[in-house]
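If you want the building blocks of each chain, they are given just below.
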Amino acid sequence: AQRVTQPEKLLSVFKGAPVELKCNYSYSGSPELFWYVQYSRQRLQLLLRHISRESIKGFTADLNKGETSFHLKKPFAQEEDSAMYYCALRTQAGTALIFGKGTTLSVSS
Amino acid sequence: KAGVTQTPRYLIKTRGQQVTLSCSPISGHRSVSWYQQTPGQGLQFLFEYFSETQRNKGNFPGRFSGRQFSNSRSEMNVSTLELGDSALYLCASEVRGPNTEAFFGQGTRLTVV
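Residue positions within a chain follow its written sequence, with the count starting from 1. Chain letters start at A and ligand numbers start at 1, both assigned in the order the entries are written. The model is predicted, so local features are restricted to residues of pLDDT at least 70 and side-chain atom pairs to those at 80 or more, both for listing and for counting; the totals for chains, interfaces and linings are taken over all residues. Excluded from the side-chain calculation are hydrogens and water; included are all heavy atoms of the structure.

Engineer: Go over the state of the cysteines with me, naming the residues and quoting the values.
Structural biologist: Disulfide: a covalent bond formed between the sulfur atoms of two cysteine residues. Residues and elements named next belong to chain A. The criterion for a disulfide is a pair of cysteine sulfur atoms lying within 2.5 Å. Under the definition given, this model contains 2 disulfides over all chains. Put simply, C23 and C87 are joined by a disulfide, and their sulfur atoms are 2.0 Å apart. Because the sign of the S-S torsion sets the handedness, a value of about -65 degrees for the bond joining C23 and C87 places this disulfide among the left-handed ones. Here C87 lies in strand β9 (residues 83-90) and C23 lies in the loop between β3 (19-21) and β4 (24-26), a separation of 64 residues in the sequence. Residue burial is assigned from relative accessible area. The probe radius is 1.4 Å, only protein chains are included, and a residue is buried under 20% of its type maximum, exposed over 50%, and partly exposed in between. Among the residues examined, C23 registers a relative accessible area of 0% and is labelled buried. Take C87: its relative accessible area is 0%, and that puts it in the buried class. Each helix corresponds to a stretch of at least 4 residues labelled H or I by DSSP, and each strand to a stretch of at least 2 residues labelled E; elements are numbered beginning at the N terminus.

Next comes the structure, spelled out in structure tokens:
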């Protein structure tokens, strides 16, 4: 069965430090991968997807099919990055999103 | 463009009762999906509706059901509520197809007492 694993429930860093939120998936085909973010008291929203290969708010994520990973990275964390981050997988168009259990990122000054 | 709207925002129900949650998708979006969010399990897929037909279903008991109307609005029903059904229920809408984005509502917080 397809699965998304986010090994860290909580990641605490200082402002200006690099951030890496880990995401591993299990799926034998070619997945669509996403990072969603949920700021305090706000709705879940798409941060980025692997297919667009863009940087959003300084975050990037590279799909590594060999390691079945899609880690989210940012070189210098900001306090406003504090939020819950979910990695999600879709096996093909029109199917459900499969989410990891999420990682809370806490950035302090 | 208005976002995904879920009503009500909060609900308190007693065990054994039933509840209906509503979701109005973004205009033009014909796919509506429902997810249950809990601290222990995270986000779990319930079902998806497209053009008034259930297209996908997650691994939830038959007490969880839904429907979609011709205007794409969707309702989710939970019968014989259990304490474990307490959760945030999220609805997402999208234009079904490749490379599309799911837009989420703010959710309905259901508490079963």
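After that view, the rundown keeps rolling.
Engineer: Break down the sheet that holds strand β8 (residues 72-74) of chain A for me, with residues and values.
Structural biologist: Residues and elements named next belong to chain A. Any two strands between which DSSP finds at least two bridges are classified as paired. Taken in spatial order, the 3 strands make up an open sheet running β3-β8-β7, and their pairing is antiparallel. Two strands in the sheet have a free side with no partner beyond their single neighbour: β3 and β7 (60-61). Direction of pairing for β3 relative to β8: antiparallel, over a ladder of 3 bridges. Looking at β8, one finds that V19 is bridged to K74.

Engineer: Run through the side chain of B:T38, naming residues and quoting values.
Structural biologist: Residues and elements named next belong to chain B. Tracing the backbone shows T38 in strand β4 (residues 31-38). In this structure T38 comes out as buried when scored by relative accessible area, which is 15%. Within 3.5 Å is the distance limit for a polar contact, defined as a pair of N or O atoms, with the added protein rule that one can donate a hydrogen and the other accept it, and that residues adjacent in sequence qualify only through two side-chain atoms. A polar contact of 3.2 Å, which involves the side chain of T38, links it to the backbone nitrogen of Q41. We call two residues in contact when some of their heavy atoms are within 4.5 Å. Filtering out sequence-adjacent residues up to four positions away, T38 remains in contact with S86 and A87.

In short, the description is geometric, and any link to function would need to be established separately.
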